[in-house]
Amino acid sequence: MDEADCMQREVFDLSGAVIQTAALFAPIAAMKEKSFEVDVCEGVSALGDEDAIRRMVSILCDNAVLYASGSGDIRLTMRTSARTSEISVSNLWQKPSDRDALEKIFDRFYRADASRDRNNGEAGFGIGLAIAQKIALRHNGKLYADAPGTGERICFHAIIPIIRDAK
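Basis of the calculations
- Starting afresh in each chain, residues are numbered from 1 along the sequence in its written order.
- Where totals are concerned, whole chains, interfaces and linings use all residues; where local detail is concerned, this predicted model gives features only for residues with pLDDT of at least 70, and gives and counts side-chain atom pairs only at 80 or more.
- With hydrogens and water stripped out, all remaining heavy atoms of the structure feed into the side-chain values.
- In DSSP terms, a helix is any run of H or I states spanning at least four residues, a strand is any run of E spanning at least two, and both are numbered starting from the N terminus.
- Each residue's exposure class comes from its accessible area (1.4 Å probe, protein chains only) as a fraction of the maximum for that residue type: buried when under 20%, exposed when over 50%, partly exposed otherwise.
- Using a 1.4 Å probe, accessible areas were evaluated by the Shrake-Rupley method; residue-level cover was limited to the displayed protein chains.
- In protein, a polar contact requires one atom able to donate a hydrogen and another able to accept it; more generally it is a pair of N or O atoms within 3.5 Å, and residues adjacent in sequence count only if both atoms are side-chain atoms.
- When a carboxyl oxygen of Asp or Glu lies within 4 Å of a side-chain nitrogen of Lys or Arg, that pair is called a salt bridge.
- In this text, buried Ala, Val, Leu, Ile, Met, Phe, Trp, Tyr and Cys residues form a nonpolar core when linked through side-chain atoms within 4.5 Å.
- Working rule for contacts: check all heavy atoms of both residues, and any pair within 4.5 Å makes them a contact.
- Note on scores: pLDDT gives the predictor's confidence for each residue, bounded by 0 and 100.

Peer 1: Explain the overall build of the chain to me, please; I cannot follow it from the model alone.
Peer 2: When helices and strands are tallied, the chain shows five helices and seven strands. Mapped in sequence order, the helices and strands of the chain form the string β-α-α-β-β-α-β-β-α-α-β-β. A buried classification covers 47% of the 167 residues belonging to the chain. When the accessible surface of the chain is summed, it comes to about 8900 Å², and 49% of that surface belongs to carbon and sulfur atoms.

Peer 1: Please clarify how helix 1 (residues 14-23) should be interpreted in this entry.
Peer 2: Think of an α-helix as turning once every 3.6 residues; residues three or four places apart then point the same way. Across the ten residues that make up helix 1, a large majority, seven, are buried. By the N-cap criterion, in which a side-chain oxygen at the helix start approaches the backbone nitrogen of a residue two or three places on, helix 1 is capped by D13, the distance to S15 being 3.2 Å.

Peer 1: Which parts of the structure should I look at to understand the pattern of salt bridges?
Peer 2: Note that side chains of opposite charge can pair when their charged atoms are close. Counted under the stated rule, the structure contains four salt bridges. Among the salt bridges present, the one from D39 reaches R79, with a minimum N-O distance of 2.4 Å. With a gap of 40 residues between them, D39 in strand 2 (residues 36-40) and R79 in strand 4 (residues 74-80) connect regions that are remote in the sequence.

Peer 1: What is the right way to look at the nonpolar core in this model?
Peer 2: Core analysis: the biggest nonpolar cluster contains 44 residues, and L14, M56, I87 and F156 have the highest contact counts within it. Elements with a contribution of two residues or more to this core: helix 1, strand 2, helix 3 (50-67), strand 4, strand 5 (84-92), helix 5 (128-138), strand 6 (142-146) and strand 7 (153-161). Of the residues forming this core, the biggest block, nine residues, is contributed by helix 3. Beyond its immediate stretch of four places on either side in the chain, M56 contacts I87, A132, I135, A136, A158 and I160.

Peer 1: What am I meant to see in helix 5 here?
Peer 2: Turning to helix 5, its buried residues are L129, A130, I131, A132, I135, A136 and R138. Those residues of helix 5 that are buried lie in contact with helix 3, strand 6 and strand 7. Trailing helix 5 by a residue or two, N140 shows a phi angle of about 60°, which is positive.

Peer 1: It is not clear to me how the confidence of the model for the chain should be interpreted in this structure. Could you clarify?
Peer 2: In low-pLDDT regions, the fine details of the predicted coordinates are not to be read closely. For the chain, per-residue confidence averages 84 on the pLDDT scale, and residues scoring 70 or more make up 80% of the total. When the elements of the chain are averaged for pLDDT, helix 4 (residues 101-104) gives the smallest value, 70, and helix 1 the largest, 98.

The following block contains the structure:
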């Protein structure tokens, strides 16, 4: 993603891409005894690389399934405004008091806590969120994390420009 812009640029069904990608993670969450709720507004189009957006959503869902604490529920929502769509993925957070981690979580190879290194052999290399953020940026959007309210949930927000009346 750091190299020259090699992304495809075409109009695609953003809603469909998000729904189809999220659907792949529902059975995995169920196997781990976690609920996975998806609430996506339909009929939203974007200009960009559909495969890259699918990869971004996949990274966010995969992280939520891997790192949701306890039997925590996972929520994916997509809402639109006049010019953008916000794709949000949230889950119960293992370290709700660790708000400092939110500033570093997109750094390559960063792990919010040591337990992520030993997550039953399932942990990755710590570059997924950096890749997801780069995908959002390449689409003239952004990706950030917060822990609203009491901080018991972590939420990743991908803001992606949309196309109105693409039909």
